[in-house]
Each structure stands twice: as structure tokens, then as C-alpha cells.
Amino acid sequence: MNDSGIIKIVEQMYGANGRKILEVLLNSPNGRTIEEIAQETSIRVNDVRRLLYEMSQDGLVAYIRSQRGESHWYSYRWYSNYSMLKASLARRLKEVIRVLQERLNFETSNTFYICPNDQSVYTFEEAFENNFQCIQCGSDLVEFDNRPIVSYLSNIIEKLKKYDNSVG
Ligand SMILES: [Zn+2]
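Residues numbered from 1 in each chain as written. Predicted model: local features only at pLDDT ≥ 70, side-chain atom pairs only at ≥ 80, totals over all residues. Heavy atoms only, no water.

**Some remarks on the overall build of the chain**
Going by this rule: The secondary structure listing takes helices from DSSP runs of H or I that are at least 4 residues long and strands from runs of E that are at least 2 residues long, numbered from the N terminus. The atom set for the radius of gyration is the C-alpha atoms, and the globule formula is 2.2 Å times the number of residues raised to the power 0.38. Partly exposed residues are those whose accessible area sits between 20% and 50% of the maximum for their type, while under 20% is buried and over 50% is exposed, using a 1.4 Å probe and protein chains only. Throughout, a contact is declared for two residues whenever any of their heavy atoms are within 4.5 Å. Methods summary: accessible areas were calculated by the Shrake-Rupley approach with a probe of 1.4 Å, and residue burial reflects only the protein chains presented. Neither His nor the chain ends is counted toward charge; the positive residues are Lys and Arg and the negative residues Asp and Glu. All charge positions are set by atom: Lys at NZ, Arg at CZ, Asp at CG, Glu at CD.
The secondary structure content of the chain amounts to 6 helices and 5 strands. The C-alpha atoms of the chain give 24 Å as radius of gyration, which overshoots the globular expectation for 168 residues (15 Å, by more than 25%). Taken over the C-alpha atoms alone, the chain extends approximately 75 × 35 × 25 Å along its principal axes. Among the 168 residues that make up the chain, the fraction classed as buried is 33%. Considering only contacts within the chain whose residues lie at least 6 apart along the sequence, 53% involve residues at least 24 apart. For the chain, the exposed area adds up to about 10,800 Å²; of that, 49% sits on carbon and sulfur atoms. Computed over 20 positive and 22 negative side-chain charges, the separation of the two mean positions in the chain equals 11 Å.

This is how it looks when you write it as C-alpha cells:
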């Protein structure tokens, strides 16, 4: 994935302000303080702080703490770079793939039943326990063909894995 693709994803996750903050940091090899970022982007200090905190939770940004002279005051300089962004997105992507894979396993290792009346879906065990009748309305359940779901999930996972290989 190229750098502008990464920036677009960041914007989707943290909004236009998140993107602005990140762009400032990417152009600041020595880092920036929250006040400097706020000044440069015209985003309120509190919002800058909140977004930096959120992005740091995801590993997109980090800070270096340094003492101001002999005082007890510390200054925090925030920084980021493309390898941090790539690593963070790759982790997130892996997590998404893992969740989808779990869902796929669930779909392929179970038989499902559906109520023709209200579309409630049951696993075999649930349907069996209720004598193959819908809990909501009492209709007789019919077997549910989940192959479209299975192929949909398989396709997405396949695509994400290709993406994953290009990111990380
Ligand atoms: Zn029903």
C-alpha cells in the first residue's frame, strides 16, 4: 500500500482532524508539542490531545518526554512515521482477518435453520432444542443455505490477506 493510501485510511478512522495532525507529525522529524500542533492546524488543544491519545493507543503516534532544564516540568514531543503507520494498520488488518476467519469457521462447522416467517436464524442445536419450531412465532423451521455467506466471507478474507501481504 502506498503512503497516500495509508493517509486515507487514517482519515477514515480519525477524521479530517486526525489526518491533519498526522500530516504535521510526518513532516516533523524532531516531533511537535501539542501546542505547536494546535497552532499549526488550528485544531483546539483539547481535541489535539484527545486525538493523539486515541492514535497512540493504536500505535500510530508516540511521544518523547524530556525535562525542561532543571525544572519539574516535562515537555512531550509527539512523533510519527510511515513505518509506525504501516505496522499499526497491519496489526489492525490481522485482527479483522482473525475475527472474519472465526466467523467463517462458525458458518462452515454448523448447520443452520431459518424461520420462513420472520427470518430468525438458528443453529442446529438451537433448532433441535425447540423441536425445529421458531421461538418467536412457532413456525416450522427450514434448513438455511449459508453457502452465499460462506463464499462472501471467504472472498473478503482472501482479499484482506492479499492486502495484508502488501502492507506488512
Ligand atoms: Zn418465526
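**A few points about the pattern of salt bridges**
Operational definition: Just to be clear on terms, a salt bridge is a Lys or Arg side-chain nitrogen sitting within 4 Å of an Asp or Glu carboxyl oxygen.
In total, this model carries 12 salt bridges according to the counting rule given. Note that Asp145 is salt-bridged to Arg147, the shortest N-O span being 2.9 Å. Linked through salt bridges whose partners overlap, the residues forming this network are Arg44, Asp47, Arg50 and Glu54.

**Topic: the sheet that holds strand β3 (residues 112-114)**
We apply this condition: Here, a strand pair is defined by DSSP locating no fewer than two bridges between the strands. Every angle, taken between N-to-C directions, lies between 0 and 180 degrees, and every axis is a line fitted to C-alpha atoms, over only the stretch in contact when it is a helix.
Pairing within the open sheet is antiparallel, and its 3 strands lie in the order β4-β3-β5. A strand with exactly one partner marks an edge of an open sheet, and here the two such strands are β4 (121-123) and β5 (142-144). Averaged over all adjacent pairs, the angle separating strand axes in this sheet is 45°, with direction ignored. Examined bridge by bridge, β3 and β4 share 3 bridges and lie antiparallel to one another. Bridge assignment links Phe112 to a residue of β4, and that residue is Thr123.

**Regarding the coordination of the zinc ion**
Rules: Donor atoms: N, O and S within 2.8 Å of the metal, or within 3.2 Å for Na, K and Ca. Because water is excluded, sites can look incomplete.
Coordination of the zinc ion by the protein involves Cys115 (SG), Asp118 (OD), Cys134 (SG) and Cys137 (SG), with metal-donor separations of 2.3 to 2.4 Å. Each donor residue of the zinc ion lies on one chain, and together they are spaced C-x2-D-x15-C-x2-C. Of this pair, Asp118 sits in the loop between β3 and β4 while Cys134 sits in the loop between α5 (124-129) and β5, and the two are 16 residues apart along the sequence.

**Some points on the domain arrangement of the chain**
Test applied: Domain start and stop points were drawn from an automatic or database domain assignment. Buried area: the sum, over both parts, of the accessible surface (1.4 Å probe) that disappears when the two are put together.
Its domain assignment divides the chain into domain 1 (3-80) and domain 2 (87-167). Here the C-alpha centroids of domain 1 and domain 2 sit 39 Å apart. At the junction of the two partners, domain 1 supplies 7 residues and domain 2 supplies 5 residues. Considering only the surface of domain 1 that becomes buried against domain 2, Ile9, Met13 and Asp58 emerge as the three largest contributors, covering 66% of it.

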